[in-house]
Amino acid sequence: MNARITRIHTKFAALPTTEKAVLGPPLTEAQLSDFEDSHSVRLPEEFRQFLTRIGHGGYGPTYGLLPMEQWVSRKGGKGQLAESFPVVPDLDIPQGPAEQGEFTGSFPGTIAVVYRGCSDFTLLVVTGPGRGRLVEVNGEGFFAPRFHTDSDFLSWYERWLDFVLTGHRDLTRFADQMSGDEAQLVATLLDDELPTRRRAAACTFITHPDPSTDLPGALLQALTTEAHPAVREAILRALAAQGEHGRDLLARALTDPIPGIRSLAAILMTTRTPEGWRLLAQRREVLSQHLANETDDSVRDSIERALNLM
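Before going further, it helps to spend a moment on the overall build of the chain. Each helix and strand in the chain was counted, giving twelve helices and eight strands. Its C-alpha atoms give the chain a radius of gyration of 22 Å, within 12% of the compact-globule value 19 Å for 310 residues. In terms of overall dimensions, the chain has C-alpha extents of about 70 × 45 × 40 Å along its principal axes. Looking at the chain as a whole, 51% of its 310 residues are labelled buried.

Right, let's get into the sheet that holds strand 4 (residues 120-125). Judged by pairing direction, the sheet is antiparallel, and its four strands sit side by side in the order 3-4-5-6 without closing on themselves. This sheet does not close on itself; its edge strands, each paired only once, are strand 3 (110-117) and strand 6 (146-147). Direction of pairing for strand 4 relative to strand 5 (residues 134-138): antiparallel, over a ladder of five bridges. Bridging from a neighbouring strand, Thr122 pairs with Glu136 of strand 5.

Right, let's talk about the packing of helix 10 (residues 259-268) against helix 12 (residues 297-307) for a bit. Between helix 10 and helix 12, the shortest axis-to-axis distance is 9 Å and the interhelical angle comes to 0°. The angle between helix 10 and helix 12 places the two elements in the roughly parallel class. Note on element contacts: helix 12 touches helix 10 through Ser298, Val299, Ser302, Ile303, Arg305 and Ala306, opposite Pro259, Arg262, Ser263, Ala266 and Ile267. Each residue belonging to the contact of helix 10 with helix 12 can be placed in one class, and the counts come to six nonpolar, three polar and two charged.

Checked against the element boundaries, Thr188 lands in helix 5 (residues 182-191). For Thr188, a relative accessible area of 12% gives the class buried.

Let's shift gears to the layout of surface pockets. Over the atoms rolls a probe the size of a water molecule, and in doing so it shows where empty space is left. By volume, the largest pocket amounts to about 570 Å³. Taken together, the elements giving at least two residues each to the lining of the largest pocket come down to strand 6, helix 6 (195-204) and helix 8 (229-240). For the lining of the largest pocket, the residue count by class is 16 nonpolar, six polar and eight charged.

As a further point, take the pattern of salt bridges. Using the criterion set out here, one finds 22 salt bridges in the structure. Here Asp176 ties to Arg199 by a salt bridge, and the two come within 3.5 Å at their closest N and O atoms. Residue Asp176 is found in the loop between helix 4 (153-166) and helix 5, and its partner Arg199 is found in helix 6; the two are separated by 23 residues along the sequence. Accessibility expressed as a relative area gives 23% for Arg199, which makes it partly exposed. For Arg283, the salt bridge is made with Asp248, and the minimal N-O distance between the two is 2.8 Å.

Okay, the nonpolar core next. Core analysis: the biggest nonpolar cluster contains 42 residues, and Leu189, Leu219, Ile235, Leu236 and Leu287 have the highest contact counts within it. Contributions of two or more residues to this core are made by helix 5, helix 6, helix 7 (215-225), helix 8, helix 10, helix 11 (281-291) and helix 12. With eight residues, helix 8 is the largest single contributor of residues to this core. Core analysis: the next-biggest nonpolar cluster, separate from the first, contains 35 residues, Tyr59, Val72, Leu81 and Ile111 among them.

A complete count under the given rule lists one cavity of 30 Å³ or more for this structure. Approximately 50 Å³ is the volume attributed to the largest cavity. Along its surface, the largest cavity is lined by Phe47, Phe50, Leu51, Gly55, His56, Gly57, Leu65, Leu66, Trp71, Val113 and Phe153. Going through the elements one at a time, helix 3 (45-53) and strand 2 (56-58) are the ones with two or more residues in the lining of the largest cavity. Among the elements that line the lining of the largest cavity, the one with the most residues is helix 3, at three residues. Looking at the lining of the largest cavity residue by residue, the classes come out as eight nonpolar, three polar and no charged.

For strand 5, the buried fraction is high: five of the five residues fall into the buried class. Going residue by residue along strand 5, you find Leu134, Glu136 and Asn138 tucked away on one face and Val135 and Val137 tucked away on the opposite face as well. Alignment of strand 5 against strand 6, held across two bridges, turns out to be antiparallel. Along strand 6, the bridge assignment pairs Glu136 with Arg146.

Calculation notes
- Residues numbered from 1 in each chain as written.
- Predicted model: local features only at pLDDT ≥ 70, side-chain atom pairs only at ≥ 80, totals over all residues.
- Heavy atoms only, no water.
- Helix = DSSP H or I, 4+ residues; strand = E, 2+ residues; numbered from the N terminus.
- Rg over C-alpha atoms; globule rule 2.2 N^0.38 Å.
- Buried < 20%, exposed > 50% of the residue type's maximum accessible area, 1.4 Å probe, protein only.
- Pairing = 2+ DSSP bridges.
- Axes fitted to C-alpha atoms, helices over the stretch in contact; angles between N-to-C directions.
- Parallel < 35°, antiparallel > 145°, perpendicular 65-115°, else oblique.
- Contact = heavy atoms within 4.5 Å.
- Nonpolar A, V, L, I, M, F, W, Y, C, P; charged D, E, K, R; others polar.
- 1 Å grid on protein atoms, 1.4 Å probe; cavity = no way out; pocket = protein on both sides within 12 Å on 5 of 7 lines; lining within 4 Å.
- Points joined across faces, edges and corners; volume = space filled by probe spheres on them.
- Salt bridge = Lys/Arg side-chain N within 4 Å of Asp/Glu carboxyl O.
- Core = buried A, V, L, I, M, F, W, Y, C linked by side-chain atoms within 4.5 Å.

The values are spatial; any link to function lies outside them.
In structure tokens, the structure reads:
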């Protein structure tokens, strides 16, 4: 634990001044105990260590870390944190909105650590099977809760610092990504048994800085062996992020059994230029040939829209 705290202090100090990185002063043990006693809960130890040894509120993802007074929704009662947050992490990749009436408004067994805008929040599970993990939620149920891959709060926060320091091209996807260098992420994508982690590895390649020339080939290998549609979708987006060579490889997905993935491949084969969206000649030919054999109307519509680009 001490080594992790030291690393976070060091990385925080190395942030560029443009980040305007400021944390509030650490909380005292008495302040934490008062909060815990009030809500009949013990906060996860890694979060407690962050609060008492690093800081409280301030610099972090999106709009930053929330202060203690905003951790708990006013809609929740005093016993809300002691109730279990029932979602088990990593069982599968959640798809679509939460079921009607489920997970709207308040979320038992959690505290809000980041407000992400509109009704989106990053929560820390304090009671339940996901205790200590971060989970992404929407207060109106527009999407089902999905867990971050990080094992605890310290790992999550250190990953945020790493992403900033290494220059990820876009930090808006942070919640769906994971830590690791290129070799580690490729190994996860190819070999990890959990689709949630494979998807996170693929999503990380969408913004990962300085990808090697070998990465598109590794992504294509993963695409051809991946069984989970949501992971294949993330791989397509990662391929498109690798530039023109990556977009050329998207043609392999035009035979995918899922129509939505075939449509996404066609859409991602287009290129954005200063003059607007364009479809290069060789990809235009590939899509034209596929259109002749495509039977799904939604896929045909996506291909036709791509072909209509000048």
